[in-house]
Structures are given as C-alpha cells and as structure tokens.
Amino acid sequence: MSKVTENDTMAKLVALCKRRGFIFQSSEVYGGINGFWDYGPYGVTLRRAVEKLWWDYMVEEREDVVGLDSTIICNPRVWRASGHLDQFSDLMTDCKSCKRRFRIDQMEDPTQCPECGAREMTEPREFNLMMKTFVGPVFDDEHAAYLRAETCQPIFVDFDQVRITSRQKLPFGIAQIGKAFRNEINPRFFTFRSREFVQMEMEFFCHEDDAMQWYEYWRDQRWAFYRDQLGFDETQLRLHDHDALAHYAKAALDIEFEFPFGWGEMEGVHHRGTWDMRRHSEFADKDLRYFDQERNERYFPTVVETSCGLDRICLALLCNGYREDMAETKKEGKEAALRVSLSLPACVAPVQVAVLPLVKKLSERADAIYQDLRGTYRAEFDEGGSIGKRYRRQDEIGTPFCVTFDFDSLDDQAVTVRDRDSMTQDRVALDQLCTYLGERIPV
Ligand code: GAP
C-alpha cells in the first residue's frame, strides 16, 4: 500500500473531506468565506476524539494541571498588556496589478507578485491580526473589543483566581481548549492556516530556577504525545529550535510534522520567562506575585507553555492517513480498482467499527451486534448497497474494522472482521468479538 506523497495529495484530501463530510467551506452556499472551515459529522467526531486524548493526557491523568474555560472576548486591556494590540502584526504588500495581498515573510522576492509576476508591489505596511468587534450598542473605539488571538492570555489573567480556588502550589499548570481568531493575511493549505481555529494550551507556572528543567520535561511529554498517543512515526516529526527568540523568552521550539506541502508547525513549546505575569500585574495594577512558603520568597512565576492547534493536528492525521492502492473489484471488465483509505489510529477514528449485513435479509441479526457494540465503540450500521461499496465507504472514512454478518453466521455463530489497512479477514466467534476488538481498539 502506498502513502501518496505527490503534490496533488492536498487537493485529493480536500475533495475526500468534502465528499465524506469531514471538513468543508464555511457558508458554502454563499460562496464560502476565506479562512473559515466547518467540520461535518465525521470531522467533528475526529476533532473531539483528539481533544479528549489531549485533555486526559494533560489534565485528567495529572495532579499538577487544572482546567479553565474562559470567554473569547475579554477586557481589551488584556491585549494591550500582552502586546497584541501594538505588536501582533505581519508586514504585508499588495499587488497593484492583480490586487492580491501577501505576507512579506512568505515571499521569495517581495518586489514581484507571486501570482501574476508583475513588479508593481505597494510599500510594505503593518497589518494587525487581532479581530475587532464592538460590545454594547455604540460602535465606537470606546466600545471596541477583540476576539482572543490565543487562549493563553486569559489563563495568565485568571492565574490567582484559579490557583487559590484549586489550592494548587507552584509548580502547577492551567490548561484550556478553545477558539482563537487571527485575521491572517493569507489563509492557506486547507485548515493549516485559518482565521478561526482551536488551540489547546497549557501554561505551567514555576520558579525561574527550575524553568529550564520544566521546559525540557514538557518538550519530551509533548513529543511522546504525538508518538505514543497519536501513533505518528518519529521520522514524520521533528523539533525545530527557534533561532530568534522574543526578547522575554529564554527558549522556544516547534514540533513539526511533514505535511505534503512541507514541514509545518503543529505545536510550540515556549519558555516565556516572567513577561506575561509582570505585564498583567503592571497593567491591571494588581500584585500577581506568588508567595512561596518553602522558599520564603515572593516572586513572579516563570511560565513554560505548550501550545498546539487542534485543527493542525487533525490535518496532520488526515494527511498521514491518506492512502491509495489498487484493490480487487467485481466491477465488470476490471480486475482491480483504485481504493482510497484513511489510515487513522483506532483511538481517534470517527467510526471505530462498522457492522454490515451481507444482504438486507440479515439486517436484524447484524443490527443486534451493532446495538451491542455501540455502547463501547463509535460504531455504525450500514445495510445499503453492495458489500464492496460499503467497504470502500468505510475505508474512506477511516474505519479500522468492518464486521460482516453473512449466511454462514447463522450456522457457525461467527462473523468476518476485515482490517482496513491489511484487508485481511478473520473469522471471529460472536462470543469472542468483544475480546477481539478490545485488543485492537483503545477506548
Ligand atoms: N500562545 C502561543 C501561541 O499562540 P502560536 O505559535 O502563535 O503560539 C500556537 O500558536 C499553535 O496554534 C500553532 O503551533 C498552531 O498549531 C496553531 N495555530 C496558530 N495559528 C494558526 C492558524 N492561523 N490556523 C490554525 N492553527 C494555528
């Protein structure tokens, strides 16, 4: 089976995501809106499964990280303190000929339009990425507010409240999953760079003497998450240390995945120093220092951050899983036909097991098996169309196992379990089915 690596993989993947209802343009009937994507039934199930894995791994299974769910809009002074209103901008330029707009740092030659080739580019100018709105009935600057550009700032602002009510002592972390918004100049590569996306961030508060150790610890934890929880091969991942650091940062790196369009960042791990806590303390005029009883010292916590984009992780899983091969077919005049499959890990596959009666006549017995399994697994029952077509559909939505109830099942009380990737078929006794699937599907 070949993993498709040609340049057109993205186009094929985008088409598959639309065809099977994973991800498609937002408000498509109106022509869509650039940089915004809707997740259909299978997409949202995939996204929630990844989100749950992250939350369990980062929060539920630990004693030193607690959760937060803050609002998307907060007091605009938050963004003044964080530096976003003054500095969160990209340099852009417009082509006077074709009117397209580009980020300077993404152009090979900023004097020439990458679309039409004209050398009529405007002078570079700053473009702030914050999305602006208004709160209340008056639309003036006094009532302006911003959709959050990252989920971490409310964590810093709520630090004291969360610390006191959760009775945590340093070192400990606060995690949040939620929407972030950026008015990207050039949304591209499907969901990779969107204007609305989901971030999963964890801010770990510690003493500055221990921060480098925690930075290395979290780098290793996050790498292990991609390898052990999501099943990425280590050759598809790399660490990229930042050459240029923000003036307050001591260290920063990206965890990158090799997308069909090149290496791209899935997650950042950042040693943010005491910058955030100092700034919010200063702008809010509130002492956000922590009194450490063991050290008998009052200090601003140093922050080590892990920050990933849920949409980018899902995109990496989809790219990683996309396969094309030739498979046997019963189509007239053909021995083999193209088979497209999504090799998603069973733990995040939207459908983990499909139950298919060979023919409709056997539906009642097959449905009983489905009803049994759906309590434990994300299961689907499909009785319409030829068995070949139903297998192809399950392959395309990434279902790792198909259970088929056939005429022999009536006699031998067994079913055929087909593996999506190897296409091998095992005959499994009905009373062994739960054990068989339990060994292969983590729940
Ligand atoms: N709090 C730090 C922070 O926000 P970032 O590198 O700007 O750092 C973190 O963003 C992660 O958020 C990225 O690694 C990426 O996965 C995701 N992300 C950022 N911008 C994105 C966009 N426009 N579309 C989709 N995901 C994005």
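Residues numbered from 1 in each chain as written. Predicted model: local features only at pLDDT ≥ 70, side-chain atom pairs only at ≥ 80, totals over all residues. Heavy atoms only, no water.

This part covers the side chain of His270. Secondary-structure assignment places His270 in strand β14 (residues 262-273). A polar contact is formed between the side chain of His270 and the side chain of Glu305, at a distance of 2.5 Å. For His270, the contacting residues outside a window of four places in its chain are Tyr215, Ala251, Ala252, Leu253, Val303, Val304 and Glu305. (Helix = DSSP H or I, 4+ residues; strand = E, 2+ residues; numbered from the N terminus. Polar contact = N/O pair within 3.5 Å; in protein donor to acceptor, adjacent residues only side chain to side chain. Contact = heavy atoms within 4.5 Å.)

Right, let's talk about the sheet that holds strand β13 (residues 251-259) for a bit. Reading across from one edge, β4-β10-β11-β17-β14-β13-β12 is the order of the seven strands in this open sheet, with mixed pairing throughout. Where the open sheet ends on each side, the last strands, each with one partner, are β4 (65-67) and β12 (237-241). Put simply, the sheet's adjacent strands are angled 25° from each other on average, direction ignored. Relative to β14, β13 is paired through nine bridges, and the arrangement is antiparallel. Pairing of Ala252 across the sheet is with His270, part of β14. Sheet strands in contact with helix α2 (residues 41-60) are β4, β10 (172-181), β11 (196-206) and β17 (302-309), and its direction is about 160° off that of β10. The strands touched by helix α6 (residues 159-166) within the sheet are β4, β10 and β11, with β10 carrying the most contacts at an inclination of about 135°. (Pairing = 2+ DSSP bridges. Axes fitted to C-alpha atoms, helices over the stretch in contact; angles between N-to-C directions.)

On to helix α10 (residues 363-373), then. Taken together, the buried positions of α10 are Ser363, Ala366, Ile369, Tyr370 and Leu373. When α10 is viewed along its axis, its buried side chains cluster within an angular range of 125° and face the same direction. Facing away from the buried surface of α10 by more than 90 degrees, the exposed residues are Glu364 and Asp372. Packed against the buried residues of α10 are β20 (353-357), β21 (379-381), β22 (401-405), β23 (414-419) and α13 (433-438). (Buried < 20%, exposed > 50% of the residue type's maximum accessible area, 1.4 Å probe, protein only. Arc of directions from axis to C-beta.)

Around the ligand lies a shell of 22 residues, among which Glu150, Arg182, Ser194, Glu201 and Glu265 are the nearest. Within the side chain of Glu201, one N or O atom sits 2.6 Å away from a nitrogen atom of the ligand. Surface burial for the ligand is 90%, taken as the share of its 550 Å² of free accessible area covered by protein chains. Among the elements of the structure, β11, β14 and β17 are those that each provide at least two residues to the shell around the ligand. Sort the elements by how many residues they give to the shell around the ligand and β14 lands first, with six residues. (Near = heavy atom within 4 Å. Areas by Shrake-Rupley, 256 points an atom, 1.4 Å probe, with all protein chains shown as cover.)

Let us look at helix α9 (residues 310-321). Under the 1.5 Å per step criterion, the end-to-end length of α9 is 16 Å for twelve residues, consistent within 8% with the ideal 16 Å. The buried fraction of α9 amounts to twelve of the twelve residues, a majority that puts the element mostly inside the structure. Burial in α9 covers these residues: Leu310, Asp311, Arg312, Ile313, Cys314, Leu315, Ala316, Leu317, Leu318, Cys319, Asn320 and Gly321. (Expected span 1.5 Å × (residues − 1).)

Here the focus is the pairing of β11. Remember that side chains alternate between the two faces of the sheet whenever the strand is regular. The element β11 is extensively covered by neighbouring structure, given that ten of its eleven residues are classed as buried. One ladder, built from ten bridges, connects β10 with β11; its direction is antiparallel. What sits directly across from Gly173, in β11, is Phe204. As judged from the eight bridges shared by β11 and β17, these two strands associate in the antiparallel manner. What sits directly across from Met202, in β17, is Thr306.

What follows concerns the packing of aromatic side chains. Across all of its chains, the model carries 25 aromatic pairs by this definition. Taken together, a centroid distance of 6.3 Å and an interplanar angle of 85° make the contact between Phe156 and Phe205 edge-to-face. You can see Phe156 sitting in helix α5 (residues 152-157) and its partner Phe205 sitting in strand β11, a full 49 residues away along the chain. This pair shows no difference in class: Phe156 is buried, exactly as Phe205 is. Pairing Phe257 with Phe259 gives two aromatic rings, centres 4.9 Å apart and planes at 85°, and the pair type is edge-to-face. You'll find Phe257 and Phe259 in the same group, each marked buried. Aromatic ring contacts, followed pair by pair, group Tyr57, Phe189, Phe192, Phe225, Tyr226, Phe232, Phe257, Phe259 and Phe261 into a single cluster. (Phe/Tyr/Trp six-rings, centres within 6.5 Å; stacked < 30°, edge-to-face > 60°.)

Inspection of the secondary structure puts Arg62 in the loop between α2 and β4. Side chain to side chain, Arg62 and Tyr217 meet in a polar contact 2.7 Å long. Those residues in contact with Arg62 that sit more than four places away from it in its chain are Tyr57, Tyr217, Trp218 and Gln221.

For residues besides glycine, phi is generally negative; the peptide bonds are generally trans as well. Following Leu170, the chain continues to Pro171 via a peptide bond in cis, the omega torsion being 0°. In the Ramachandran plot, Phe189 falls in the positive-phi region, its phi being about 55° despite a non-glycine side chain. With respect to the helices and strands, the residue Phe189 is situated in the loop between β10 and β11. Residue Asn296 is not a glycine yet carries a positive backbone phi of 50°. Relative to the helices and strands, Asn296 resides in the loop between β15 (290-292) and β16 (297-299). Here Asn296 falls in the exposed class, since its relative accessible area comes to 61%.

Honestly, it's all geometry; don't read function into it.
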